[in-house]
Amino acid sequence: MSVSIVTPTFNAAKYIEQTILSVIKQSYKKWEWVIVDGGSSDNTIEILEKYSLTDKRISFIISNSDSGPAEARANAIKNSSGKYIAFLDADDLWHNDKLKIQTDFMLKNNIKFSYTLCRELQKNNKYVSVILPTSSYFTYSDYLKKRGIYAFTTMIKRNLLTDDIINVWSKDSYDDTIWWLLILKKGTVAHLLPKDLGLYRISDNQLSSRRLYTIRNVYFMYDKFKDINILYKHYLFLNYLINSLKRHIKLKLFKKIDVIDSRLDLNWYLNINSSE
């Protein structure tokens, strides 16, 4: 089974090399990687050129459009050929067995949309947080009210990512959520692979100053769905706020309780973490 990895980049030179290495080291080898760069002004392009010359599975497209990561992902999907699509951001990391474990899981269980457990890679690039809380599956009605699918952990059968879905995008931060909802609305169920297989890097624009902006985007996101009237919209939004608060409290408690995990470092995760 071939997997196409899609990644948007923009001034990603600080971390992109670590991300590239986490893909090249995958134990599963039947992948291609399509990267779409949005006009980086740092040396991102030089790094991409370096690795694309040594590994023909890696290709990149330089786009003059500045319409955000969703358009870049859509462009990458249209230029890919794999049976399954895996999403990866330019600063996140995969466990070395991520693709192997996830493809086996999907084939064995005839699953079309899966996501995995993951951890935060904290700002100092040294400490790895506890596993982020999520649910064992999501339907359309579930995901309207709560979140828990991290884009870089997902793998989706290509035929679910139809043009009417991937052509829906904006420059806002909720673009992947809209795609998941549009897929789930057609009756697909997203299933959790309960393995810890990725690191989600916390950057400056994902800290507290960004949270109000994200909440605002979620509120207006519901307007994109014609089946959601104003009363239902406020019911869903209230549920989203309550569930987000629960996840935040749970994560804070986990971080306080799980002293061992809070001391784990990046090298431990990438080199020693069991894939059993």
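Residues numbered from 1 in each chain as written. Predicted model: local features only at pLDDT ≥ 70, side-chain atom pairs only at ≥ 80, totals over all residues. Heavy atoms only, no water.

Draft legend 1. Just helix H3 (residues 69-78), in detail. Three or more residues of H3 are buried, namely Ala-70, Ala-72, Arg-73, Ala-74, Ala-76 and Ile-77. Close packing links the buried residues of H3 with strand S1 (3-9), strand S2 (31-37), strand S4 (84-87), helix H6 (163-166) and helix H7 (175-185). (Buried < 20%, exposed > 50% of the residue type's maximum accessible area, 1.4 Å probe, protein only. Helix = DSSP H or I, 4+ residues; strand = E, 2+ residues; numbered from the N terminus. Contact = heavy atoms within 4.5 Å.)

Draft legend 2. Quick look at the nonpolar core. The biggest cluster of nonpolar side chains holds 40 residues, and the ones touching the most others in it are Phe-87, Phe-113, Leu-161, Trp-179, Trp-180 and Tyr-222. With seven residues, H7 is the largest single contributor of residues to this core. The contacts of Leu-161, once residues within four sequence positions are left out, are Ile-77, Ile-85, Phe-87, Ile-156, Ile-166, Trp-179 and Ile-183. Counting residues in each nonpolar core, the second largest holds 35 residues, with Ile-45, Cys-118, Val-130 and Leu-132 among its members. (Core = buried A, V, L, I, M, F, W, Y, C linked by side-chain atoms within 4.5 Å.)

Draft legend 3. Quick look at the environment of Leu-238. With respect to the element layout, Leu-238 can be found in helix H9 (residues 230-257). Overall, Leu-238 belongs to the partly exposed group, its relative accessible area being 47%. Residues Leu-238 and Lys-146, spaced 92 residues apart in sequence, show a C-alpha to C-alpha distance of 9.9 Å.

Draft legend 4. A look at helix H4 (residues 98-109). Its twelve residues give H4 an end-to-end C-alpha distance of 17 Å, which sits within 8% of 16 Å, the value for a rise of 1.5 Å per residue. All of the buried residues along H4 are Lys-98, Leu-99, Ile-101, Gln-102, Thr-103, Phe-105 and Met-106. Count one or two residues on from H4 and you reach Asn-110, which has phi positive near 55 degrees. (Expected span 1.5 Å × (residues − 1).)

Draft legend 5. The arrangement of the pairing of S4 in detail. Burial along S4 is two-sided: Tyr-84 and Ala-86 facing one way and Ile-85 and Phe-87 facing the other are all buried. Here S1 runs beside S4; their pairing, made up of four bridges, is parallel. Across the sheet, the residue bridging to Val-6 is Phe-87, located in S4. With three bridges joining them, S4 and strand S9 (residues 155-157) adopt antiparallel strand pairing. Bridge pairing links Ile-85 to Ile-156 in S9. (Pairing = 2+ DSSP bridges.)

Draft legend 6. Structural view of the packing of aromatic side chains. Under the counting rule described, the total for this entry stands at twelve aromatic pairs. With centroids separated by 6.2 Å and ring planes inclined at 25 degrees, the aromatic side chains of Phe-237 and Tyr-240 adopt a geometry described as stacked. Remark: Tyr-240 and Phe-237 occur in helix H9; sequence separation between them is three residues, near one turn of the helix. For Phe-237, a relative accessible area of 13% gives the class buried. Members of the aromatic cluster, each reached through a chain of ring pairs, are Phe-87, Phe-113, Trp-179 and Trp-180. Against the face of Trp-94 rests Lys-98, its NZ or CZ located 4.3 Å from the ring centre. Note that Lys-233 overlies the ring of Tyr-219, its terminal NZ or CZ placed 3.9 Å from the centroid. (Phe/Tyr/Trp six-rings, centres within 6.5 Å; stacked < 30°, edge-to-face > 60°. Lys NZ or Arg CZ within 6 Å of the ring centre and 35° of its normal.)

Draft legend 7. Quick look at the pattern of salt bridges. Under the counting rule described, the total for this entry stands at eight salt bridges. Notably, a salt bridge pairs Asp-55 with Arg-57, separated by 2.8 Å at the nearest N-O pair. With a shortest N-O distance of 2.6 Å, Arg-119 and Asp-196 are connected by a salt bridge. Note that Arg-119 is positioned in strand S6 (residues 113-121) and Asp-196 in strand S10 (residues 190-201), a separation of 77 residues in sequence. (Salt bridge = Lys/Arg side-chain N within 4 Å of Asp/Glu carboxyl O.)

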